[in-house]
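# Architecture at a glance
This is what each chain is made of:
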Amino acid sequence: HQKSSNDNTSPELIRCYELLNLTSRSFAAVIEELHPELRDAIMIFYLVLRALDTVEDDMTIKPEVKIPLLRHFDEKLDTQDWTFDGSGPNEKDRAVLVEFDQILTIYHGLKPQYQEIVKDITFKMGNGMADYILDENFNLNGVETITDYDLYCHYVAGLVGEGLTKLIVLARFSDSSLVEDNFVKSNSMGLFLQKTNIIRDYHEDLQDGRSFWPKEIWSKYTTSLPQFNEDPACEFEGLSCINDLVLNALGHVKHVLEFLSLVKDPSTFSFCAIPQVMAIATLAEVYNNPKVLHGVVKIRKGTTCKLILESRTFPGVVKIFRHYIQVINHKSSVRDPNYLKIGIKCGEIEQFC
Ligand code: PS7
Ligand code: MN
Ligand code: MN
Ligand code: MN
Ligand code: MN
Ligand code: MN
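Report follows, based on the coordinates. Keep in mind that what you see is a predicted model, and the values were worked out from it rather than measured.

Rules of the game
- Residues numbered from 1 in each chain as written.
- Chains lettered and ligands numbered in written order.
- Predicted model: local features only at pLDDT ≥ 70, side-chain atom pairs only at ≥ 80, totals over all residues.
- Heavy atoms only, no water.
- Helix = DSSP H or I, 4+ residues; strand = E, 2+ residues; numbered from the N terminus.
- Rg over C-alpha atoms; globule rule 2.2 N^0.38 Å.
- Buried < 20%, exposed > 50% of the residue type's maximum accessible area, 1.4 Å probe, protein only.
- Contact = heavy atoms within 4.5 Å.
- Lys, Arg positive; Asp, Glu negative; His and termini not counted.
- Charge placed at Lys NZ, Arg CZ, Asp CG, Glu CD.
- Near = heavy atom within 4 Å.
- Polar contact = N/O pair within 3.5 Å; in protein donor to acceptor, adjacent residues only side chain to side chain.
- Areas by Shrake-Rupley, 256 points an atom, 1.4 Å probe, with all protein chains shown as cover.
- Donors = N, O, S within 2.8 Å, 3.2 Å for Na, K, Ca; no water.

### Describing the overall build of the chain
In terms of helices and strands, the chain carries 18 helices and zero strands. In terms of C-alpha radius of gyration, the chain reaches 20 Å, essentially the compact-globule figure of 20 Å for 353 residues. With respect to the principal axes defined by its C-alpha atoms, the chain has extents near 65 × 50 × 35 Å. In the chain, which comprises 353 residues, the share counted as buried stands at 52%. Across the chain, the fraction of contacts at a sequence separation of at least 24, relative to all contacts at a separation of at least 6, is 72%. When the 36 positive and 50 negative side-chain charges of the chain are each reduced to one mean point, those points stand 6 Å apart.

### Section: the site of ligand 1
In the vicinity of ligand 1 there are 22 residues, among which Arg50, Val156, Gln194, Asn197 and Asp201 approach most closely. Here arginine 50 contributes a side-chain N or O atom positioned 2.5 Å from an oxygen atom of ligand 1. Notes on ligand 1: free accessible area 860 Å², of which the protein chains cover 88%. Put simply, the parts of the chain that give the shell around ligand 1 at least two residues each are helix H3 (36–57), helix H8 (146–170), helix H9 (184–200) and helix H15 (266–286).

### Quick word on the environment of tyrosine 114
The residue tyrosine 114 is located in helix H7 (residues 112–131) in this model. Residue class for tyrosine 114 comes out buried when judged on its relative accessible area of 4%. Considering only alpha carbons, one finds tyrosine 114 and asparagine 21, 93 residues apart in sequence, at a separation of 22 Å. What tyrosine 114 contacts, discounting residues up to four positions off in sequence, is Glu37, Leu38, Ala41, Leu167, Leu170 and Ala171. A polar contact of 2.5 Å, which involves the side chain of tyrosine 114, links it to the side chain of glutamate 37.

### Considerations on the coordination of the manganese ion (ligand 3)
Within the first shell, the manganese ion (ligand 3) binds the protein through Asp53 (OD) and Asp57 (OD), at distances of 2.1 to 2.2 Å. A separation of 3.4 Å is found between the manganese ion (ligand 3) and the manganese ion (ligand 2), which share aspartate 53 as a coordinating residue. Highlighted residues: aspartate 53 and aspartate 57, both in helix H3, separated by four residues, approximately one helical turn.

Structure, rendered in structure tokens:
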């Protein structure tokens, strides 16, 4: 298509940024602030994965249609004008699929190296998601072991960390050691966000007919996951389960802080740090909070603003983590089965904070 070299606001590009804002206000804010070298590439990376996740999330698409669509989603990136309007009318992000051709136009204008990263991660994520749609008996899948939980989170979020790290290192915005650890720290960046999202979304996911809480953890507290929501007598067990999941998520904090200490460019640092800071604040909010079992728990708007302002520097981020680790430690009750482990984990984190 025709486009002069300094015309960087084609109608397709404008529409892509609108789609970004329609699907996530928080990611839109941090992506729009990125350095021009990476801004469009990361915006497109986000929209492609948002489209893939919309397919994964749509429970009205039958597994016979959904699984091959996920497995071959990367191939849509070889086309100029693929679109999909088979997702349900209530699917909140269906516009990214209906207007996928707009995303493709901008995608094909990215640097070839950036396109390759987006495509490679799309391929791996789509196939990973597909593995988790049905179990070996062709029933809707749940997450069984903690190993499965880590693998699912790797597919849907650890891989995003890996792709973003490759982009950031290619653009020379961070220390190249970030790609020399087999993406262990990048993976933790994604897992910390994804596990926080999964703990917080218990009620919403249950209503959508699915769940990502691993059975290896919840089976210590109940024989059926919906019981935490349905039976008021099980509230204490539900809280113990939430706290056990938070303890598991806190296992990623060390790598998250190590990763952030190696990011050099300020806009890239904020982009990476803000979601992590929101996650630790969310974990402190959900910790021992019965509202998680019955609805959505969100952090206050004023808190969000304050966190964003304090996330500009690495010492600012460390201070926020220390604060929320203390909040969690103080909320912990001696009656909680993981009381000692939480105390030890919080102490460990404060050591390197
Ligand atoms: C490419 C920025 C910065 C090294 C759409 C950012 C959904 C938590 O589904 O929308 O509404 O419950 O609240 C983001 C690592 C991925 C992991 C994953 C792509 C950080 C498709 C975010 C985001 C790596 C699968 C959004 C993982 O949550 O969930 C770009 C470094 C998408 C990141 C999904 C979840 C993201 C998520 P929902 P949300
Ligand atoms: Mn999903
Ligand atoms: Mn989703
Ligand atoms: Mn969503
Ligand atoms: Mn979720
Ligand atoms: Mn959600």
